[in-house]
Amino acid sequence: MYVALYRNLNLGHRGSPNREQLEDALARGGAHRVKSFQTNGTVLLDTQTPLEIVQLAAPVLRACCGYDDAVFIQSVAQLEALVALDIFEAHASPKTYRECVTFFRGPRTPEWELPWTNPKDDVDILYLNDGVALSLTRKPRNTAGSPTAVLEQATQGVATTRTLGTIQRLLKTAATW
């Protein structure tokens, strides 16, 4: 089983599909089963060919609502392995706003000594491996730190972030789906 993590997709918002459109596009792309999880473009896919499925769904999504952005594919096993790392526990702090998992790609690879803190002091990157980062964010003022923005700037590419809680709930859903 796989997970498609769409960037900048918010179900029902302008430029994004609704749940039915998203699930239908992926089913038409060949997924055996499709389950949109929450409203943030996170989708469980029952398939052996997830990349092919999202590629076939892309023109359908463009046609129905104009959605045309990046998507990241992870297996459920890959996400389980990330959660099992227990990276966050060693960096627990009362200043933490969110524990995050970011998926990214681009022409550059960050080469930070970890843990690394951005100049705004609102994102700590704790782990980087193969297009995935684990981070902590803080909200020192009105806006929380953005690991997506940090990684997009560092890689000159694209990224999408989910909270650790979202990933944990997703894995529970996948286990019973």
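Throughout, a residue's number is its position along its own chain's written sequence, starting from 1. pLDDT decides what is reported in this predicted model: residues at 70 or higher carry local features, side-chain atom pairs at 80 or more are listed and counted, and totals for whole chains, interfaces and linings draw on all residues regardless. Note: side-chain values were computed over all heavy atoms of the structure, leaving out hydrogens and water.

Asks: A description of the overall build of the protein chain should follow, citing residues and the corresponding values.
Replies: Secondary structure elements are taken from DSSP: a helix is a run of H or I of four residues or more, a strand is a run of E of two residues or more, and numbering for both begins at the N terminus. When helices and strands are counted, the protein chain shows 5 helices and 9 strands. Going from N to C terminus, the protein chain has its helices and strands arranged as β-α-β-β-α-β-α-β-β-β-β-α-β-α. Radius of gyration: C-alpha atoms only; globule rule: 2.2 Å multiplied by the number of residues to the exponent 0.38. Over its C-alpha trace the protein chain gives a radius of gyration of 16 Å, about what one expects of a compact globule, namely 16 Å for 177 residues. When the backbone C-alpha atoms are referred to their principal axes, the protein chain occupies close to 45 × 30 × 30 Å. Relative to its full complement of 177 residues, the protein chain shows a buried share of 45%. Whether two residues are in contact is decided by their heavy atoms: any pair within 4.5 Å suffices. Of all intrachain contacts in the protein chain linking residues separated by at least 6 positions in sequence, the fraction that spans at least 24 positions is 67%. For accessible areas, the Shrake-Rupley method is used with a probe of radius 1.4 Å. Any residue's cover is judged against the shown protein chains and nothing else. Surface summary for the protein chain: the accessible area is close to 9,300 Å², and the carbon and sulfur share equals 45%. Neither His nor the chain termini are counted; the positive set is Lys and Arg, and the negative set is Asp and Glu. Where a charge sits is defined by one atom per residue type, namely NZ (Lys), CZ (Arg), CG (Asp) or CD (Glu). In the protein chain, 18 positive and 18 negative side-chain charges are present, and the distance between their average locations comes to 7 Å. Exposure categories follow from relative accessible area, calculated using a 1.4 Å probe and restricted to protein chains: below 20% of the type maximum is buried, above 50% is exposed, and the middle band is partly exposed.

Asks: How would you summarise unusual backbone geometry if you had to cite specific residues and measurements?
Replies: Proline 115 follows leucine 114 through a cis peptide bond whose omega is -5 degrees. For proline 115, the position within the fold is in the loop between β5 (98-105) and β6 (116-117). Within the chain, aspartate 130 stands out as a residue other than glycine whose phi angle is a positive 50 degrees. Of note, aspartate 130 is situated in the loop between β7 (123-129) and β8 (132-137). By relative accessible area, which is 71% here, aspartate 130 ends up exposed. Positive phi, normally seen in glycine, also occurs at glutamine 156, with a value near 55 degrees. Take glutamine 156: it is sitting in the loop between α4 (147-155) and β9 (158-163). The exposure class assigned to glutamine 156 is partly exposed, which follows from its relative accessible area of 48%.

Asks: I'd like to hear about the packing of aromatic side chains, residue by residue, with values.
Replies: Here a Phe, Tyr or Trp ring, Trp counted by its six-membered ring, pairs with any other such ring whose centre lies within 6.5 Å, and the pair is stacked when the planes are under 30 degrees apart, edge-to-face when over 60, and tilted otherwise. Scanning the entire structure with this criterion turns up 2 aromatic pairs. Pairing tryptophan 112 with tryptophan 116 gives two aromatic rings, centres 4.0 Å apart and planes at 5 degrees, and the pair type is stacked.

Asks: Quick one: what's the story with the pattern of salt bridges, residue by residue and with numbers?
Replies: Any Lys or Arg side-chain nitrogen found within 4 Å of a carboxyl oxygen on Asp or Glu counts as a salt bridge. One pass over the full model with this rule turns up 7 salt bridges. Within this structure, Arg7, Asp69 and Glu152 form a network of salt bridges that share partners.

Asks: Go over the nonpolar core, please, and point to the residues and values.
Replies: Inside soluble globular proteins, nonpolar side chains tend to come together where they are buried. We call a set of buried residues a nonpolar core when its members are Ala, Val, Leu, Ile, Met, Phe, Trp, Tyr or Cys and they connect through side-chain atoms within 4.5 Å of each other. Formed by 23 residues in total, the largest nonpolar core has its most connected members in Val3, Leu79, Val101 and Phe103. Put simply, the parts of the chain that give this core at least two residues each are β1 (2-6), α3 (76-84), β5, β7, β8 and α5 (164-176). With 5 residues, the top contributor of residues to this core is α5. Leave out the neighbours within four places in its chain, and leucine 79 touches Val3, Gln74, Phe103, Ile167, Leu170 and Leu171. Counting 19 residues, the second-largest nonpolar core is a separate cluster that includes Leu45, Ala57, Val60 and Val71.

Asks: Break down the environment of aspartate 46 for me, citing the residues and quoting the values.
Replies: Inspection of the secondary structure assignment puts aspartate 46 in strand β3 (residues 42-46). Of the residues examined, aspartate 46 reaches a relative accessible area of 23% and is grouped as partly exposed. On a C-alpha basis, the gap between aspartate 46 and tyrosine 127 in space is 28 Å, while along the polypeptide they are 81 residues apart. Beyond its immediate sequence surroundings of up to four residues, aspartate 46 is in contact with Ala31, His32, Arg33 and Trp177.

Asks: Now, about the side chain of arginine 162: what can you tell me, with residues and values included?
Replies: Looking at the element boundaries, arginine 162 is found in strand β9. Of the side chains bearing the opposite charge, glutamate 152 lies closest to the buried arginine 162, which forms no salt bridge; the N-O distance is 10 Å. Think of a polar contact as two N or O atoms within 3.5 Å of one another; within protein, one of them needs to be a possible hydrogen donor and the other a possible acceptor, and neighboring residues in sequence only count if both atoms come from side chains. Only 2.6 Å separates the side chain of arginine 162 from the side chain of threonine 160, close enough to count as a polar contact. What arginine 162 contacts, discounting residues up to four positions off in sequence, is Leu5, Tyr6, Asn40, Gly41, Thr42, Glu99, Cys100, Val101 and Ile167.

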